[in-house]
Every structure is written in C-alpha cells, then in structure tokens.
Amino acid sequence: MQYFVRGLFFGGATTGLLLMLPAVLLQTVVPLPALTAALALATVLFLAIESGLLPFRMPQNARLVPSDIVVRTDGSGALQFGFEMGTGLRTFVPSHLPYAAIAVLLFGGPWWATPLGGLAFAFGRSLMVRSAVHSGDASAWDRAFAARRTRILALCWTVALLAGALAVALQHGGWTLF
C-alpha cells in the first residue's frame, strides 16, 4: 500500500506540473472574459454529463492492471500502478470532477496551483483506496459507496464549485493570498 500511495502522489504531482505550461499560456494569452466563459461552459458540460442530461462520458483509460505489474514483490508494481492511477493514465473515472478540476486549473485558478491540484487528485484517490482497504471488506465498502454515491457526489460537486469560485475570485477578482 505504501508504494502504491507514493506512486499516486508522484503521478499527481507530475500531472500538475505538466498542466502548468498550458495554464500559463492560456492565462497569459486568452482574455479574462474568454477564460471565464470557457470555465463556465466546461463546468456546465461536466455537470450535465454527471447528472445524466448528456448521454456520454469523457474519455477514460478503463483498463485493469496487467498481472505482470501485480505480481512484482519488490514494490515496483504497486509504485508503477500508483503513478499511472495518480496521473489518470490507467484508471476508471467514477465522476467528472477531475475534468472540472482541470478546467479550473487551466482557465480560472492561479497557474502556480496546478501542482497542488495534481496532489489533491492523488490525495482523493489515496483516501478512497485507504478507506476501502481499512474497511476490512472491500466488497462491502463498494456496495456502501454505491448506495451513497449520489449524495457523496452532490457534496463533492458542491465543495468543488465553491472551491473553484474561490480560486477564480482570488485569481481574477483582485483578492490575493500572497
């Protein structure tokens, strides 16, 4: 588990760092009204998909872990899978919140926050995995999550929308933390 979680954070940080360049370019070149419109459009799109109003999903690499990765006993398999999952390269995406977070990082939040966004993605992934493992029965945990999925997603979307609005206000509204 330790190698897997380390991989998650390394992958999340890598993705965050890779998002930094497009965020800087977009926020430097594109006018603020266009960035705000793009963020609003992306948010509405992801909410519409999440709520079932649009009948498609965003792309995801929904492959299972190859057995050659799982059987490595030196921890490298867990580290590799954690890295891939932390980047979003090999994973099922149960919600469109990560896509909305990327939109906030690219269009609305401060460009320097992109690595923090990647680490936040990894932290969320690690919480899910740790809670399932520590429950003692991952199947029961999955059933409990499925039963509460709608409420959990509603809470997560509410927090994400508030955090996104705060990030945009801090970046473009004249407020400053530093």
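How each quantity is defined
Residues numbered from 1 in each chain as written. Predicted model: local features only at pLDDT ≥ 70, side-chain atom pairs only at ≥ 80, totals over all residues. Heavy atoms only, no water. Axes fitted to C-alpha atoms, helices over the stretch in contact; angles between N-to-C directions. Helix = DSSP H or I, 4+ residues; strand = E, 2+ residues; numbered from the N terminus. Parallel < 35°, antiparallel > 145°, perpendicular 65-115°, else oblique. Left-handed = near helix turned anticlockwise from the far one by under 90°. Contact = heavy atoms within 4.5 Å. Nonpolar A, V, L, I, M, F, W, Y, C, P; charged D, E, K, R; others polar. Buried < 20%, exposed > 50% of the residue type's maximum accessible area, 1.4 Å probe, protein only. Patch = residues over 30% accessible without salt bridge, like charges linked within 9 Å, V, L, I, M, F, W, Y side chains within 5 Å. Areas by Shrake-Rupley, 256 points an atom, 1.4 Å probe, with all protein chains shown as cover. Salt bridge = Lys/Arg side-chain N within 4 Å of Asp/Glu carboxyl O. Phe/Tyr/Trp six-rings, centres within 6.5 Å; stacked < 30°, edge-to-face > 60°. Lys NZ or Arg CZ within 6 Å of the ring centre and 35° of its normal. Expected span 1.5 Å × (residues − 1). Core = buried A, V, L, I, M, F, W, Y, C linked by side-chain atoms within 4.5 Å.

Enquirer: Even after reading the chapter, I still don't get the packing of helix α1 (residues 2-29) against helix α6 (residues 114-134), so can you show me in this structure?
Expert: Two measures define how a pair of helices packs: the angle their axes make with one another and the distance between the axes. In the contact formed by α1 and α6, the axes pass within 6 Å of each other and the chain directions differ by 155 degrees. As the angle between them shows, α1 and α6 are arranged roughly antiparallel. Of the two possible hands of crossing, α1 and α6 adopt the one that is right-handed. Two secondary-structure elements touch here, α1 through Phe4, Val5, Leu8, Phe9, Gly12, Ala13, Gly16, Leu17, Leu19, Met20 and Ala23 and α6 through Thr114, Pro115, Gly118, Leu119, Ala122, Phe123, Arg125, Ser126, Val129 and Arg130.

Enquirer: Whenever I open this one, the packing of α1 against helix α5 (residues 97-108) confuses me. Can you help?
Expert: Taken N-terminus to C-terminus, the directions of α1 and α5 make an angle of 45 degrees; their axes are 7 Å apart at the nearest point. Considering their axes alone, α1 and α5 lie oblique with respect to each other. On α5, the residues that touch Leu19, Pro22, Ala23, Leu26 and Gln27 of α1 are Ile102, Leu105, Leu106, Phe107 and Gly108. Looking at side-chain class alone, the contact of α1 with α5 contains eight nonpolar, two polar and no charged residues.

Enquirer: Hey, could you run me through the side chain of Glu84 in this one?
Expert: Tracing the sequence through the fold places Glu84 in helix α4 (residues 76-87). With relative accessibility at 13%, the residue Glu84 sits in the buried group. When neighbours within four sequence positions are excluded, Glu84 is seen to be in contact with Ile69, Leu89 and Arg90.

Enquirer: Honestly, a nonpolar patch on the surface in this entry has me stumped. Any pointers?
Expert: Taken together, the side chains of Trp111, Trp112, Leu116 and Leu119 make up a nonpolar region of the molecular surface, amounting to roughly 390 Å² of accessible area. Note that Trp111 resides in the loop between α5 and α6. Classification of Trp111 by relative accessible area gives partly exposed; the value is 38%.

Enquirer: Sorry, what's going on with the packing of aromatic side chains here?
Expert: Aromatic rings in a pair are described by how distant their centres are and how their planes are angled relative to each other. Enumeration over the complete set of coordinates arrives at four aromatic pairs. Centroid distance Trp141 to Phe145: 5.7 Å. Interplanar angle 5 degrees. Geometry classified as stacked. You can see Trp141 and its partner Phe145 sitting in helix α7 (residues 138-172), four residues apart, about one turn around the helix. Here the guanidinium or amino end of Arg6 rests over the ring plane of Tyr3, the centre of that ring lying 5.8 Å away.

Enquirer: Would you mind going over helix α2 (residues 32-50) with me for this structure?
Expert: Residues that lie three or four places apart on an α-helix share one face, since the helix turns once every 3.6 residues. Here α2 spans 27 Å end to end across 19 residues, near enough to the 27 Å set by a 1.5 Å rise per residue. Buried within α2 are the following residues: Leu35, Leu39, Ala42, Thr43, Phe46, Ala48, Ile49 and Glu50. Once α2 ends, the next one or two residues include Gly52, with phi positive near 90 degrees.

Enquirer: Would you explain the side chain of His96 in this entry?
Expert: Within the secondary structure, His96 is located in the loop between α4 and α5. Discounting chain neighbours no more than four positions away, the residues touching His96 are Phe46, Ile49, Glu50, Arg57, Met58 and Trp157.

Enquirer: I'm lost on the nonpolar core in this one. Help?
Expert: The nonpolar side chains of soluble globular proteins are, as a tendency, buried together. Of all hydrophobic cores here, the largest spans 19 residues; its most connected members are Leu39, Phe46, Ala103, Leu106, Phe107 and Trp157. Sorting the residues of this core by element identifies α1, α2, α5 and α7 as the ones contributing at least two each. With eight residues, the top contributor of residues to this core is α5. Core analysis: the next-biggest nonpolar cluster, separate from the first, contains eight residues, Leu8, Met85, Ala122 and Val129 among them.

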